[in-house]
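Structural overview
Here is how the chains run, residue by residue.
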Amino acid sequence: MADKLVSGFHAIEERLRSLKASSKAISPESPVSMELLFASPGPRVKKILAQAREVGVTCTQVEKQQLDHLTASLPETAREHRGLLLRVTGEESVPENLVDFSQWLAGGGEQSLVLILDSITDPHNVGAILRSCDQFGVDLVVMPERRSLRDPLENEVVARASAGASAWVPVTVVPNLVRVVEQLKDAGFWVYGADAGGAAANQTAFPKKAALIMGSEGAGISRLLEERCDAVVSIPTCGRLDSLNVSVATGVLLYEVRRQLSR
């Protein structure tokens, strides 16, 4: 099983917080081992080192060139280690926050907010969306199996772009989004697609159980998914450009849904 490398201060901090919250401190008996490699102990790095030692993570000072070598195979945006790198050994590539959709649906409550990502392939957008999901209390993010967080290289970019939120937000990966939408509707959810031609989101009354579908900027939501939406919503804008970036649009729509659900 290959080592996993986590770069970026936010992503490392959230990984350590996640470890502490799960009460799974690293010990000699643990199947998973972690080592925090650092080049120079600046103020921010010292704080993270203290976090790491608190949960049993070994901290080792190395030359900056060694960190450069270790990150050389990562996607370009993940190579900027800033003198700190978390190396994880013996861990399966499936994240702890990856949940089974059927089990999640069976245990659902009276109020839930679900986000469905259809054909969003840029990991930077996925990461930014997950950060918004964390901020606005999304209960579950649904992704198609053909493009998911199971890709370990892509996951590093997602973790960095999400500023660590990818360690917390519940995610499910499914083979068929249309089937998921049908199951959500059977469970009492109202399903909304996002499209520039839809009704204004701030004039739409969202129910306590709502699912929002976001499609790619190029193709939008697939026809089969759009046909199963109860309504299509949009963001009122007054700019000269055609549309907002999908991650920005997702954040705006999630804010509006959460604002209404919190009243």
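Residues numbered from 1 in each chain as written. Predicted model: local features only at pLDDT ≥ 70, side-chain atom pairs only at ≥ 80, totals over all residues. Heavy atoms only, no water.

Bringing the overall build of the chain into the picture now. Each helix and strand in the chain was counted, giving nine helices and 10 strands. Counting the 263 residues in the chain, one finds 49% classified as buried. Total accessible area on the chain stands at roughly 13,200 Å², and carbon and sulfur atoms take up 50% of it. (Helix = DSSP H or I, 4+ residues; strand = E, 2+ residues; numbered from the N terminus. Buried < 20%, exposed > 50% of the residue type's maximum accessible area, 1.4 Å probe, protein only. Areas by Shrake-Rupley, 256 points an atom, 1.4 Å probe, with all protein chains shown as cover.)

Turning our eyes to something else, we now look at the packing of aromatic side chains. Per the stated rule, a full pass over the model turns up three aromatic pairs. Where Trp104 meets Phe189, the ring centres are 6.4 Å apart and the plane angle is 40 degrees; that geometry is what we call tilted. Remark: Phe189 occurs in the loop between helix H7 (177-186) and strand S8 (190-200) and Trp104 occurs in helix H4 (residues 101-106); sequence separation between them is 85 residues. Taking the relative accessible area as the measure of exposure, Phe189 reaches 5% and is therefore buried. (Phe/Tyr/Trp six-rings, centres within 6.5 Å; stacked < 30°, edge-to-face > 60°.)

As a further point, take unusual backbone geometry. Of note in this structure, Arg82 is not a glycine but carries a positive phi near 55 degrees. Here Arg82 lies in the loop between helix H3 (64-71) and strand S4 (84-89). In the Ramachandran plot, Ser119 falls in the positive-phi region, its phi being about 65 degrees despite a non-glycine side chain. By secondary structure assignment, the location of Ser119 is in the loop between strand S5 (112-118) and helix H5 (123-135).

Moving on to helix H2 (residues 43-54). Counted at 1.5 Å a residue, the expected span for H2 with its 12 residues is 16 Å, and the 17 Å between its end C-alpha atoms agrees. With its phi angle positive at about 80 degrees, Gly56 sits one or two positions after the end of H2. (Expected span 1.5 Å × (residues − 1).)

This brings us to the pattern of salt bridges. Per the stated rule, a full pass over the model turns up eight salt bridges. Here Glu182 and Arg228 are joined by a salt bridge, their closest N and O atoms 3.1 Å apart. A residue pair is termed long-range when its members are at least 10 positions apart, and Glu182 in helix H7 and Arg228 in the loop between helix H8 (223-227) and strand S10 (231-234) qualify at 46 residues. By relative accessible area, which is 26% here, Arg228 ends up partly exposed. Notably, a salt bridge pairs Glu227 with Arg223, separated by 2.9 Å at the nearest N-O pair. (Salt bridge = Lys/Arg side-chain N within 4 Å of Asp/Glu carboxyl O.)

Next up on the list: the sheet that holds S4. Ordered by their spatial adjacency, four strands build an open sheet running S1-S4-S2-S3, and the pairing between neighbours is mixed. Each edge of the sheet is formed by a strand with only one pairing partner; in this case those strands are strand S1 (4-7) and strand S3 (58-61). Neighbour-to-neighbour, the strand axes of this sheet turn through a mean angle of 25 degrees, independent of strand direction. In terms of strand pairing, strand S2 (residues 33-38) meets S3 through four bridges, oriented parallel. Residue pairing across strands places Leu37 opposite Thr60, the latter belonging to S3. Across the sheet, H2 is in contact with S2, S3 and S4; its angle to S2 comes to roughly 165 degrees. Its contacts with the sheet place H3 against S1, S2 and S4, and it is angled at close to 55 degrees to S4. (Pairing = 2+ DSSP bridges. Axes fitted to C-alpha atoms, helices over the stretch in contact; angles between N-to-C directions. Contact = heavy atoms within 4.5 Å.)

With that settled, consider H7. Buried within H7 we find Leu177, Val178, Val180, Val181 and Leu184. Angular distribution of buried residues about the axis of H7 spans 160 degrees; they occupy a single face of the element. For H7, the N-terminal capping position is held by Asn176, with its side-chain oxygen 3.0 Å away from the main-chain nitrogen of Val178. Just beyond H7, the residue with positive phi is Gly188, at close to 95 degrees. (Arc of directions from axis to C-beta. Polar contact = N/O pair within 3.5 Å; in protein donor to acceptor, adjacent residues only side chain to side chain.)

It is worth spelling out the side chain of Thr172 at this point. Within the secondary structure, Thr172 sits in strand S7 (residues 171-174). A polar contact is formed between the side chain of Thr172 and the backbone oxygen of Val99, at a distance of 3.0 Å. Engagement of the side chain of Thr172 in a polar contact is seen with the backbone nitrogen of Phe101, the distance being 3.4 Å. If we ignore the near neighbours within four places in the chain, the residues touching Thr172 are Leu98, Val99, Asp100, Phe101, Leu140, Val141, Val142 and Met143.

Here we come to the confidence of the model for the chain. On average, residues of the chain score 85 in pLDDT, and 86% of them reach the 70 mark or higher. When pLDDT is averaged over each helix and strand of the chain, the minimum, 65, is found for helix H6 (residues 152-161) and the maximum, 96, for strand S9 (residues 209-215). (pLDDT = per-residue confidence, 0-100.)

Attention now moves to the nonpolar core. Residues Leu115, Leu117, Leu130, Cys133, Val141, Leu212 and Met214 are the most contacted members of the largest nonpolar core, which totals 31 residues. Mapped onto this core, the elements with two or more residues apiece are S5, H5, strand S6 (140-144), S7, S8, S9 and helix H9 (246-261). When neighbours within four sequence positions are excluded, Val141 is seen to be in contact with Leu115, Leu117, Leu130, Cys133, Val169, Pro170, Val171 and Thr172. In this structure, Ile12, Leu49, Ala52 and Leu84 belong to the second largest nonpolar core, which totals 21 residues. (Core = buried A, V, L, I, M, F, W, Y, C linked by side-chain atoms within 4.5 Å.)

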